[in-house]
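What the coordinates show
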Amino acid sequence: AQTVTQSQPEMSVQEAETVTLSCTYDTSESDYYLFWYKQPPSRQMILVIRQEAYKQQNATENRFSVNFQKAAKSFSLKISDSQLGDAAMYFCAYRKYGNKLVFGAGTILRVKS
Amino acid sequence: DTAVSQTPKYLVTQMGNDKSIKCEQNLGHDTMYWYKQDSKKFLKIMFSYNNKELIINETVPNRFSPKSPDKAHLNLHINSLELGDSAVYFCASSQDGAATPSGNTIYFGEGSWLTVV
């Protein structure tokens, strides 16, 4: 069974600085998707970024970018120029094509002003 | 326009009651899901439907029964509610196989906070 591990229960970053959230996963599949979702206190699940495993190029969305290392099964999220609104729980998730999303345990990100 | 909408957003009810949560998506997706987020914020799938057919049924008590009247709607009915059912329930949807930037991505509703007292 696929598993997703987020080894950092909590992280802190100063406003305007950069932070990286870690994620590793375990799979025997070669074709899959990886996602980062943001969950603010409102509990809404907001898609931050997605990566297709067959693409070597790392995905970017404005201040958010990933470092996807397929051989190492690593998928970290980098947030640049951190803002107060980035404070939330961040979930890494894996999805085999056509299957369910498997989530990590989440990382709480705190942003200090 | 809300893409995936759930009602009610908040629900407080007594043990033993029966309750339903409704979900609708206007994204034209073929697949819909129910996820449960427990008190430790761990998210786990409960059910998945594709074009009204059940395709994923995780180990969930029989007291939980999903119903999909059409591919845009997926409701969750819970019988004989227990304290342990208190959680946030998320409806979600996806369009799988689509060669688009959003294809194969699962989009979530805002969640329904269920508290059983």
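On a plain count of helices and strands, chain A comes out with zero helices and 12 strands. The N-to-C order of helical and strand elements in chain A reads β-β-β-β-β-β-β-β-β-β-β-β. Here chain A has a C-alpha radius of gyration of 13 Å; the compact-globule value for 113 residues is 13 Å, and the two agree. For chain A, with 113 residues in total, the buried portion stands at 48%. Of all intrachain contacts in chain A linking residues separated by at least 6 positions in sequence, the fraction that spans at least 24 positions is 54%. For chain A, the computed accessible surface area is about 5400 Å², with 44% contributed by carbon and sulfur atoms.

A word on the overall build of chain B. A tally of helices and strands in chain B yields zero helices and 11 strands. Along chain B, helices (α) and strands (β) appear in the sequence β-β-β-β-β-β-β-β-β-β-β when read from the amino end. Relative to a compact globule of 117 residues, whose C-alpha radius of gyration would be 13 Å, chain B shows 14 Å and is just as compact. Along the first, second and third principal axes, the C-alpha set of chain B runs to 45 × 25 × 25 Å. When each of the 117 residues of chain B is scored for burial, the buried share is 43%.

Residues and elements named next belong to chain A. Counting across every chain of the model gives two disulfides over all chains. Residue pairing for C23: its cysteine sulfur links by disulfide to C92, the two sulfurs lying 2.0 Å apart. Across the S-S bond linking C23 and C92, the dihedral sits near -70 degrees, which makes this disulfide left-handed. Residue C23 is found in the loop between β3 (19-21) and β4 (24-26), and its partner C92 is found in strand β10 (residues 88-96); the two are separated by 69 residues along the sequence. The exposure class assigned to C23 is buried, which follows from its relative accessible area of 2%. What makes C92 buried here is its relative accessible area of 1%.

With respect to the element layout, E17 of chain A can be found in the loop between β2 (10-14) and β3. Every residue in contact with E17 of chain A, bar those within four places of it in the chain, is listed here: I79, S80, D81 and S82 of chain A.

The subject of this paragraph is the pairing of β10 of chain A. Residue and element names in this part refer to chain A. Among the nine residues of β10, eight are classified as buried, and the element is accordingly described as predominantly covered. Both strand β5 (residues 32-39) and β10 contribute to a ladder of eight bridges, which runs antiparallel. What sits directly across from F35, in β10, is A93. The turn linking β10 back onto strand β11 (residues 101-103) is made up of four residues, and G98 within it adopts a positive phi angle of 75 degrees.

Cut-off values and rules
- Residues numbered from 1 in each chain as written.
- Chains lettered and ligands numbered in written order.
- Predicted model: local features only at pLDDT ≥ 70, side-chain atom pairs only at ≥ 80, totals over all residues.
- Heavy atoms only, no water.
- Helix = DSSP H or I, 4+ residues; strand = E, 2+ residues; numbered from the N terminus.
- Rg over C-alpha atoms; globule rule 2.2 N^0.38 Å.
- Buried < 20%, exposed > 50% of the residue type's maximum accessible area, 1.4 Å probe, protein only.
- Contact = heavy atoms within 4.5 Å.
- Areas by Shrake-Rupley, 256 points an atom, 1.4 Å probe, with all protein chains shown as cover.
- Disulfide = S-S within 2.5 Å.
- Pairing = 2+ DSSP bridges.

The quantities given are spatial measurements derived from coordinates; they are silent on function.
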